[in-house]
Amino acid sequence: MRLKLALVALLASSPSLAEPVFQREVVPHHIYGGGWEHFVGGGVAVFDCNDDRFPDLFVAGGENPAQLLVNTSEPRGSLTFQPQADEMIAVTGATGAYPMDVDNDGVLDLVVLRIGENVILKGGDSCSFAPMTLPNLTFGDRWTTAFTATWEKGSTLPTLMFGNYVDRQNPEGPFEACDTNDLFRPAADGYAETRLQPGYCPLSALFSDWNRNGRADLRLSNDRHYYVRGGAEQMWVMEPEPRLLTEAEGWIDHELWGMGIASRDLDFDGLPEVFLTSMGDQRLQKLTQADLPTWKDVPYEMGTTAHRPHVGGDGRPSTGWHVAFGDLQNDGLDDAFIAKGNVDQMPGSAMDDPNSLLMQRPDGTFFEAAEDAGIATFDRSRGAALVDLNRDGLLDLVVVNRRAPLELYRNATEGTGNWVRFALRQQTPNTQAVGAFLELDLGTHKVLREVTVGGGHAGGTAVPEHFGLGPSQAVRVRVIWPGGVASDWVPVKVNTSYVATRDGDQVHLQSY
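Below is a summary of the structure that appears in this document. Note on numbering: residues in each chain are counted from 1, in written sequence order. For a predicted model such as this one, the threshold for reporting local features is a pLDDT of at least 70, and the threshold for listing and counting side-chain atom pairs is 80 or more; totals across whole chains, interfaces and linings nevertheless cover every residue. Excluded from the side-chain calculations are hydrogens and water; all other atoms, namely the structure's heavy atoms, are used.

### Notes on the pairing of strand β11 (residues 159-164)
Residue burial is assigned from relative accessible area. The probe radius is 1.4 Å, only protein chains are included, and a residue is buried under 20% of its type maximum, exposed over 50%, and partly exposed in between. Numbering of helices and strands starts at the N terminus; helices are DSSP runs of H or I of at least 4 residues and strands are runs of E of at least 2. Along β11, six of the six residues are buried, which leaves the element largely enclosed by surrounding structure. Strand pairing requires that DSSP identify at least two bridges connecting the strands. For β11 and strand β12 (residues 181-187), the ladder comprises three bridges, and the chain directions are antiparallel. Paired with M161 across the bridge in β12 is L183.

In structure tokens:
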């Protein structure tokens, strides 16, 4: 608390930064379409598929073909993208995708979630892709809506979790017919599958080492619309045999129409806050104690519920989907974007439900800024991403809409603070250092960030980790590598992008 008060005073005395402003850009036509099985999903994967340092987009299409949009933007210029003509990419039935280096060759691959059989596409040169097969890794005819991955201790392949929604084969569905979830862990002969049950229709999943004990556990955000009763949010402890956390261990059951997950240490205490989107209020939760898995909703007065439309006059409850953290003014405080939109024609929820942009104040409270920023559109949004697409040091915005065109916004905010970003690399396995922690020392306080795969709603990013710094000029970084060994502190220049490569237990920084 003492640290937070000191930071409030410091940030309040810093020069005032302009509120964020976004410029809508022309983007190739793309629509996430389809019937009731595509009411959910609509994710976007953001990653660099041709090694030119500019992030590219893989956008799920539902019943329409998925698209790969290659970034052709000029540095600091307008955002431009070119569709890639590749039949391998144009899969139908895709609900979302996540980029990661599955096979440890240093090139990012794509895990594509589908209605039907999921697909893993192996990344190659110049944004080319080919089918990837791994021993004993097979997918059935499922309705997959969530994904997360991690590298467990001693494993040469990643652990993969696929969250499955309603059981398409259950004649009693859809209500009370949630499917089981699939956990694939490396084994001597490839992969061994474990069915995680009961399943409660997850729409988001995240492996995270929430208490820094060296093990990433699995959190699932579940949709009570289909589990109806007897279910809740879940946290699986990844012991030799996965098991659910219990009330006796500090876990509190939360029942909500869970859609998306994001995790970030917002108050610099070294413990992650968790943001859960839902049909109704959005839940920002704080971990109350480092050694207990007890998250509690933050007070309503913090301004994070975003529970009704903030413009447009539709007073019914909002429906939140993808949630993403990012510092949009580089003032040193993370903000949150929430994609919103009615499931379809649910009369109890808002039909005119603009996306939300929650900006963080120095005292830790948030205020709505989407309308003033120019991004409060009324389409049924689903997936999204906050990422710097033109290398100007500002986070831009991608929004996938259901039955409406893809949206692309360039962050045109002026008078922003300093920033720095890092792409982590290490030798095989786990070339992207998933599970590492980046720690920044700004002199007044430290900022902690975990590298994860998963979360959001049906889509994620594999891009350099971006940190807003505010007025800070003297910054040091260290990396706590997977396995828990920390590098020495290394000074960095502000307003610079780095590749941070593991050298033994140390970190070698190369700017670009």
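Picking up after the structure, the text goes on.
### Concerning the packing of aromatic side chains
Note on aromatic pairs: the rings of Phe, Tyr and Trp (six-membered ring only in Trp) are paired at centre separations within 6.5 Å, and the planes decide the class, stacked below 30 degrees, edge-to-face beyond 60, tilted for the rest. This structure, assessed with the given rule, holds 16 aromatic pairs. Consider the rings of W143 and Y165, whose centres lie 5.0 Å apart with planes at 75°: the pair is edge-to-face. Within this pair, whereas W143 is found in strand β10 (residues 142-150), its partner Y165 is found in the loop between β11 and β12, the two being separated by 22 residues in sequence. In terms of burial, W143 and Y165 fall into one category: buried. Between F422 and Y498, the ring centres sit 5.7 Å apart and the planes meet at 15°, which makes this aromatic pair stacked.

### Quick notes on the state of the cysteines
Cysteine sulfur atoms are paired as a disulfide whenever they come within 2.5 Å of each other. Inspection of every chain in the model, using the stated rule, returns two disulfides. What pairs with C49 in a disulfide is C127, and their sulfur atoms sit 2.0 Å apart. Here C49 and C127 share a disulfide; its torsion about the S-S bond, 80°, makes the bridge right-handed. With C49 in the loop between β2 (44-47) and β3 (56-59) and C127 in the loop between β8 (119-123) and β9 (129-131), this residue pair connects regions lying 78 residues apart in the sequence. Across the pair, C127 and C49 agree in class, each one buried. A sulfur-sulfur distance of 2.1 Å marks the disulfide that ties C178 to C201. Taking the sign of the S-S torsion, -110° for the link of C178 and C201, the bridge is left-handed. Separated by 23 residues along the polypeptide, C178 in the loop between β11 and β12 and C201 in the loop between β13 (190-196) and β14 (202-208) bring together distant segments of the chain. We classify C201 as buried; its relative accessible area is 0%. Each disulfide in the protein links cysteines that, numbered along the sequence, combine into the pattern 1-2, 3-4.

### Some words on the pairing of strand β7 (residues 109-116)
The buried count for β7 comes to eight of eight residues, which makes it a mostly enclosed element. Relative to β7, strand β6 (residues 94-100) runs antiparallel, the two sharing six bridges. Along β7, the bridge assignment pairs P99 with L110. Hairpin connection, β7 to β8: the antiparallel pair is bridged by two residues. Of the strand pairs in this sheet, β7 and β10 are connected by two bridges, and their pairing is antiparallel.

### Points about the layout of surface pockets
Within this model, the second largest pocket holds a volume of roughly 620 Å³. Using a grid of 1 Å spacing that covers the protein atoms alone, one calls a set of points a cavity when a 1.4 Å probe fits there but cannot get out, and a pocket when the set is open and has protein on both sides within 12 Å along at least five of seven lines; lining residues are those with an atom within 4 Å of a point. Around the second largest pocket sit 27 residues that line it, and W151, G214, P482, G483 and G484 are the ones nearest its centre. When residues are sorted by character, Ala, Val, Leu, Ile, Met, Phe, Trp, Tyr, Cys and Pro go into the nonpolar class, Asp, Glu, Lys and Arg into the charged class, and all the rest, Gly among them, into the polar class. Across the lining of the second largest pocket, the residue classes tally to nine nonpolar, eleven polar and seven charged. Grid points are joined across faces, edges and corners, and a volume is the space filled by probe spheres set on the points.

### Quick look at unusual backbone geometry
Residue P198 is reached from Q197 by a cis peptide bond, and omega for that bond is 5°. Along the chain, P198 turns up in the loop between β13 and β14. Put simply, T428 and P429 share a cis peptide bond, and its omega is 0°. Positive phi, close to 60°, is recorded for E176, a residue that is not glycine. Phi is positive for R212, close to 60°, though the residue is something other than glycine. With respect to the secondary-structure elements, R212 resides in the loop between β14 and β15 (217-222).

### Structural notes on the side chain of R283
With respect to the secondary-structure elements, R283 resides in strand β20 (residues 283-289). Whenever a nitrogen or oxygen atom comes within 3.5 Å of another N or O atom, the pair is scored as a polar contact, on the condition that within protein one atom can donate a hydrogen and the other can accept it, and that pairs from neighbouring residues in sequence are kept only if both atoms are in side chains. A distance of 3.1 Å separates the side chain of R283 from the side chain of D281, its partner in a polar contact. Two residues qualify as a contact provided that any one of their heavy atoms is within 4.5 Å of a heavy atom in the partner residue. In this structure, R283 is in contact with H254, E255, L256, V274, F275, L276 and D297, ignoring residues within four places of it in sequence.

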